[in-house]
Structure formats: structure tokens, C-alpha cells
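Next come the chains, spelled out residue by residue.
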Amino acid sequence: MRRDWDRRAKVDPRYWVAATEEADEASYLESAARDTAALLDGLGGRVPASGRVLDLGCGIGRMTAPLAGHFAEVVGVDVSPAMIEQARALHGAVDNLRFEANSGADLGAFADDSFDLVFSYSVLPHLPPEVVAAYFREANRVLADGGWLRYQFWIGPARQMADNDTLNIRVYDPEGFQALNRDAGFAVVEVEEIDYFDPVLELKPVWVTARRAGPPVEAAAADFSGRAAALSDDERDLEYGLLLYLAVKCAERGERAEAERALEEATACDPTRPEGWIQWATHRLERGDLRGARLLFESLTEQVPDLVAGWLYLGQCAAAEERWPEARAALERAEALGADDPETGDELAGLRALIDEAAPRPKRRRTRKKVVKRKRK
Ligand SMILES: C[S@@+](CC[C@H](N)C(=O)[O-])C[C@H]1O[C@@H](n2cnc3c(N)ncnc32)[C@H](O)[C@@H]1O
């Protein structure tokens, strides 16, 4: 979880925490105002202004910071030190606000009965259910008697993801949702729909308000060791798609360096998919960096050696740099893979004509056979 979110924080933390369609600063700030207002509205004054508040999975403080004006003390906690570092850089000057990194499964840095509200937005659905259950117990422990837990969640037909998936959304069925709260010693007081329809899940998320009703039921301590470290396939697909989307948005705004950064991350996320390499190289070509583009196409052909287009583009770049032997070698690989490919056939023929004209193959010299006359005896 830490590795995944640190990586995301380093590319574009605003994009990753707020996930707005526009993927820009203005929509990030708008989302912060909207989601904080919804958090406060739903609380309806249940937590006094003298209260202490904990934001679980605070990211860069999108909602934590605006709350500092409403409560005596606000603390943000997050598994990602990179998120926390940026939260501090952005909001470090506010007296009653602080940010701490944690283990990703407990609130061990905080004393029993020390908060009046624990809230969490767009965090719990990304976590494995056992981690959520552990956090609910911890929330119960750090909340004062009668304290409040308010969180964003998805309730509907159950949707589970691989344990190591930290990006896709998990949906709890109503029974699982009730059991989660009950077992952790919370009574659900209100569930409100959030005005956003997810087209993939065909569902709207909810805000849940729950009250600390008593101690959690007894349970063995959770053991989170030995978890798979690699990205799950679903997570890789989603992260890759979101990075490509971010690159398009950055390019639309003329933020080429940011677009290239997102594409670099996309190719690291899944080097076997061509789109990221091709889009990244296209940016380099557009800014006249032929060599840079060629090196990316070289990587593409290493990663996806059966892709005709990869060899074709590599050949075209090499030809543009007048690196004829490389251009010819790439062309020959492309032709061997599919000279008849309707998508690339014309371009291959064009490249062949260009190379043959600019750098015709040197004719082989005939070597005279040495005739060794045998001496007659
Ligand atoms: C989608 S972002 C939302 C951030 C913030 N709540 C907001 O709404 O702006 C999810 C955040 O949860 C954090 N996170 C993920 N897993 C966590 C865990 N196990 N414990 C604490 N934070 C976690 C990530 O580092 C990331 O900052």
C-alpha cells in the first residue's frame, strides 16, 4: 500500500487523491470544498468546534486542511510518507493541523479516547477487508465514548478484489457492511447517497455516519505479513488507463513535461503495452527530440518484439537521423513480421523506398576464384 501510494504521490498527488475528470488544480480545489461541505453537513453539528478530528488516509490534506477552521485540532494520517511530506509542505503553517505517516493498518501513534471524530474519504474501499476491519477497531479505540465515525463507502452487490489491489473499489453487501460496523462496536446512524454514479459499478457511493456504541467483539489480532508485493492485474489495468488519461489531459493544457512524466510512469506500470511507449515517443518527436523518440521505440521493440508498428516507427526514426544500417535492420524486422499488414503496408513500402534511395545496398564485389594449376608431374 505504501509503495503504491508513494509512487502515485510522486507523479501527481492532486490527480490521484481527488480523481476529478478534469485532472487539474481548479477541479481539485472544487472537490475539496464540495467533499468537506458534505462531511460537515452530514455531521449536522454532532461534533463540537472544541472537538479533535482524525482524517484516516488524508493524502495531501485535501479535506484535512479545510477542517482546521472548524475544529480545535485536526490530524491527518496516511500510509504514504510521500503524501504526508506534500501535505506538510502545502499546509504546514496551520497551528492546529498536523500530519503523520502510519503503518497502513493501525493508529498506534494515537492514545485511547483521544478523538471525537474519525473520518475517511475515498480510502476504505481501496483496502483489503481485513485491513478495514482492523482500522474500525482502531477507530473505536481512539474515539472517546459516543464519538463519531464518518466515512465514504460502497454498498451493493459485493465486489471483492485481490488483496494486493490498492486502487480498485470494493463493494460491501448490506450484511457485510452491517457486520463490519457491529463487530467493531459501531452503530450505523445514517447512510446518505453521494451524487455521483459510477458507470463501471453502476452504483453511487455513500457517506456513512456511525457512533461508537461499545467495545469491539473479541477477535484474534490480524496478521498482514506475507502479502503479495506485485500489482494485481486489475490494478495494473486501472492504473495504466488512469495514467494515459492524465497524460492526455496534461497535453491538452500544453503541460508537455507532466504528460511525459505520466507516460513514463505508465510504461513502468506496464511495459508490455505499446500505447504508452508510442504516445511518449510522439511527444518527443513533436518537440524535435528524434534520438529520444528512437530510444523509446527501441524499448518498445524490446518489450513487444512482435509488433510490426514498433519496428516501423523505429525504422522511421533511425531513417530521419540518417542511421541507415539501423533503419534497414528495423525495416527488415517489420517486413518479416508483416509486409502485408494493411495498417502499416504503405508506410513500410515508403520506408523501403526512402532507405533504398538514400542508402542503396553496396553491391558485392565478385572475388576471382584462384585457379591453382597443378603442376603436372
Ligand atoms: C484516493 S486517496 C484519498 C485521499 C484523501 N482522503 C482525499 O480524499 O483527498 C487515498 C489515500 O489513502 C491512503 N491510503 C491507502 N491505503 C492506506 C492505508 N492502509 N492506511 C492509511 N492510508 C492509506 C493513500 O496513501 C492515499 O493518500
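Nothing here was measured: the structure is a model prediction, and the numbers come from that model. (Residues numbered from 1 in each chain as written. Predicted model: local features only at pLDDT ≥ 70, side-chain atom pairs only at ≥ 80, totals over all residues.)

Attention shifts here to helix α12 (residues 308–320). With 13 residues, α12 ought to run about 18 Å at 1.5 Å a step, and its terminal C-alpha atoms sit 18 Å apart, in line with that. The buried count for α12 comes to twelve of 13 residues, which makes it a mostly enclosed element. Along its buried surface, α12 packs onto α10 (274–286), α11 (290–303), α13 (324–338) and α14 (345–358). Trailing α12 by a residue or two, Glu-322 shows a phi angle of about 60°, which is positive. (Helix = DSSP H or I, 4+ residues; strand = E, 2+ residues; numbered from the N terminus. Expected span 1.5 Å × (residues − 1). Buried ≥ 20, exposed ≤ 12 C-beta atoms within 10 Å, placed from the backbone. Contact = placed C-beta atoms within 7 Å.)

This paragraph deals with the packing of α12 against α13. The interhelical angle for the contact between α12 and α13, taken along N-to-C directions, is 160°, at an axis separation of 8 Å. Of the possible angle classes, the one that applies to α12 and α13 is roughly antiparallel. Considering the relative orientation of α12 and α13, their crossing is left-handed. Packed against α12, whose contacting residues are Val-308, Trp-311, Leu-312, Leu-314, Gly-315, Ala-318 and Ala-319, the element α13 presents Glu-326, Ala-327, Ala-330, Leu-331, Arg-333, Ala-334, Leu-337 and Gly-338 at the interface. Taken together, the residues of the contact of α12 with α13 sort by class into eleven nonpolar, two polar and two charged. (Axes fitted to C-alpha atoms, helices over the stretch in contact; angles between N-to-C directions. Parallel < 35°, antiparallel > 145°, perpendicular 65-115°, else oblique. Left-handed = near helix turned anticlockwise from the far one by under 90°. Nonpolar A, V, L, I, M, F, W, Y, C, P; charged D, E, K, R; others polar.)

The next thing to look at is helix α8 (residues 233–252). Here α8 spans 29 Å end to end across 20 residues, near enough to the 28 Å set by a 1.5 Å rise per residue. When α8 is considered as a whole, its buried residues turn out to be Glu-235, Glu-239, Tyr-240, Leu-243, Leu-246, Ala-247, Lys-249 and Cys-250. Each element contacted by the buried residues of α8 is listed here: α2 (13–18), α9 (256–269) and α10. Looking one or two residues past α8, Gly-254 carries a phi angle of roughly 80°, positive in sign.

Attention now moves to the packing of α13 against α14. Between α13 and α14, the least distance of the axes is 10 Å, while the angle of their chain directions is 150°. Between α13 and α14 the crossing geometry is left-handed. Only Leu-348, Leu-351, Arg-352, Ile-355 and Ala-358 of α14 make contact with α13, whose side of the interface consists of Trp-324, Ala-327, Arg-328, Leu-331, Ala-334 and Glu-335.

Before going further, it helps to spend a moment on unusual backbone geometry. Positioned with a positive phi, Ala-23 is a non-glycine residue whose angle comes to about 55°. Its identity is not glycine, yet Ser-122 carries a phi of approximately 60°, on the positive side. Tracing the backbone through its elements, the reader meets Ser-122 in the loop between β4 (115–120) and α6 (129–142). A count of 20 C-beta atoms within 10 Å places Ser-122 in the buried class.

Our next topic: the site of the ligand. Near the ligand lie 20 residues; those nearest to it are Trp-5, Gly-57, Gly-59, Arg-62 and Ser-80. The residue makeup of the shell around the ligand, split by class, is twelve nonpolar, six polar and two charged. (Near = placed C-beta within 6 Å.)

Domains assigned within the protein chain are domain 1 (2–212) and domain 2 (271–358). Look at where the C-alpha atoms of domain 1 and domain 2 centre, and you get two points 47 Å apart. (Domains from an automatic or database assignment.)

With that out of the way, let us pick up the pairing of strand β7 (residues 206–212). On a regular strand, one side chain projects to one face of the sheet and the next to the other, so that they alternate. For β7, a buried count of five out of seven residues is recorded, marking the element as mostly surrounded by other parts of the structure. As judged from the six bridges shared by strand β5 (residues 143–153) and β7, these two strands associate in the antiparallel manner. Pairing of Arg-150 across the sheet is with Thr-209, part of β7. Of the strand pairs in this sheet, strand β6 (residues 186–193) and β7 are connected by seven bridges, and their pairing is antiparallel. Within the sheet, the bridge partner assigned to Ala-187 lies in β7 and is Arg-211. (Pairing = 2+ DSSP bridges.)

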